[in-house]
Amino acid sequence: MKVNALPVPTEAEEQGLLFRWAEIARGRYPALDLLFHIPNGGKRGKAEAARFKAEGVKAGVPDLFLPVPRGKAHGLFIELKRRKGGRVSKEQAIWTISLQAQGYRAEVAKGWEEARDIIIEYLAGGPYSKY
């Protein structure tokens, strides 16, 4: 008998779960109050996309930013992907490398739990604090 697998959460669902965790964990990690989403992606009509571009929206900017310095890093950017099926675009890869070159930690996380682990490790000043 084949058991039906649960559907893979969407990127939006993963992000919602991450922010629910952040709300619960902010007592232990007060810096989580500064974590925010950069609403840069999504499907838009041509007129709205042109307006957003004129207002400074840029393709590939990571989804999340935690403007808290740790170690040599000025802050933490995370590009959040689905656990399965999400892929990094060329623009996202360029942003990640460029942000790292400017002294930020920039990571790609597959699922909210991986993002959570990156955040906890970053706030603790773990091995990636060299950025």
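What counts as what
Residues numbered from 1 in each chain as written. Predicted model: local features only at pLDDT ≥ 70, side-chain atom pairs only at ≥ 80, totals over all residues. Heavy atoms only, no water. Phe/Tyr/Trp six-rings, centres within 6.5 Å; stacked < 30°, edge-to-face > 60°. Helix = DSSP H or I, 4+ residues; strand = E, 2+ residues; numbered from the N terminus. Buried < 20%, exposed > 50% of the residue type's maximum accessible area, 1.4 Å probe, protein only. Pairing = 2+ DSSP bridges. Right-handed = clockwise from strand over helix to strand, strands pointing away. Core = buried A, V, L, I, M, F, W, Y, C linked by side-chain atoms within 4.5 Å. Contact = heavy atoms within 4.5 Å. Axes fitted to C-alpha atoms, helices over the stretch in contact; angles between N-to-C directions.

Asker: An account of the packing of aromatic side chains is needed here, citing residue identities and associated values.
Answerer: Using the criterion set out here, one finds five aromatic pairs in the structure. Ring centres of Phe77 and Tyr104 lie 5.4 Å apart, and the angle between their planes is 75°; on these two criteria the pair is classed as edge-to-face. Taken together, the residues Phe77 in strand S3 (residues 76–81) and Tyr104 in the loop between helix H3 (90–101) and strand S4 (105–110) connect sequence positions 27 residues apart. With a relative accessible area of 10%, Phe77 lands in the buried category.

Asker: Go over the pairing of S3, please, and point to the residues and values.
Answerer: Regular strands show a simple pattern: their side chains alternate between the two faces of the sheet. Of all the six residues making up S3, six are buried; the element is thus mostly covered by neighbouring parts of the structure. Because side chains alternate across S3, one face comprises the buried residues Leu76, Ile78 and Leu80, and the other comprises Phe77, Glu79 and Lys81, equally buried. In terms of strand pairing, strand S2 (residues 64–66) meets S3 through three bridges, oriented antiparallel. Bridge pairing links Phe65 to Phe77 in S3. Note that S3 and S4 share six bridges and pair parallel. Looking at the pairing, Leu80 lines up with Ala109 of S4. Crossover handedness for the path S3 to H3 to S4: right-handed.

Asker: Now, about the nonpolar core: what can you tell me, with residues and values included?
Answerer: In this structure, Trp21, Leu32, Leu66, Ile78, Ile119 and Leu123 are the most contacted members of the largest nonpolar core, which totals 22 residues. Listing elements by their share of this core, those giving two or more residues are helix H1 (11–25), S2, S3 and helix H4 (112–123). When residues in this core are grouped by element, the largest group, six residues, is from H4. Once you skip the residues sitting within four places of it in the chain, Leu123 turns out to touch Tyr29, Ala31, Leu32, Leu66, Val68 and Arg70.

Asker: Describe the sheet that holds S4, with residues and values.
Answerer: The pairing of strands in a sheet happens through backbone hydrogen bonds and is either parallel or antiparallel. Pairing is mixed across the open sheet formed by four strands, whose spatial order is S1-S2-S3-S4. This sheet does not close on itself; its edge strands, each paired only once, are strand S1 (36–37) and S4. Where H1 meets the sheet, its contacts fall on S1, S2 and S3, and the angle it forms with S3 comes to roughly 135°. Contacts from H4 reach S2, S3 and S4, with the element oriented near 150° to S4.

Interpretation in functional terms is not warranted from these geometric data alone.
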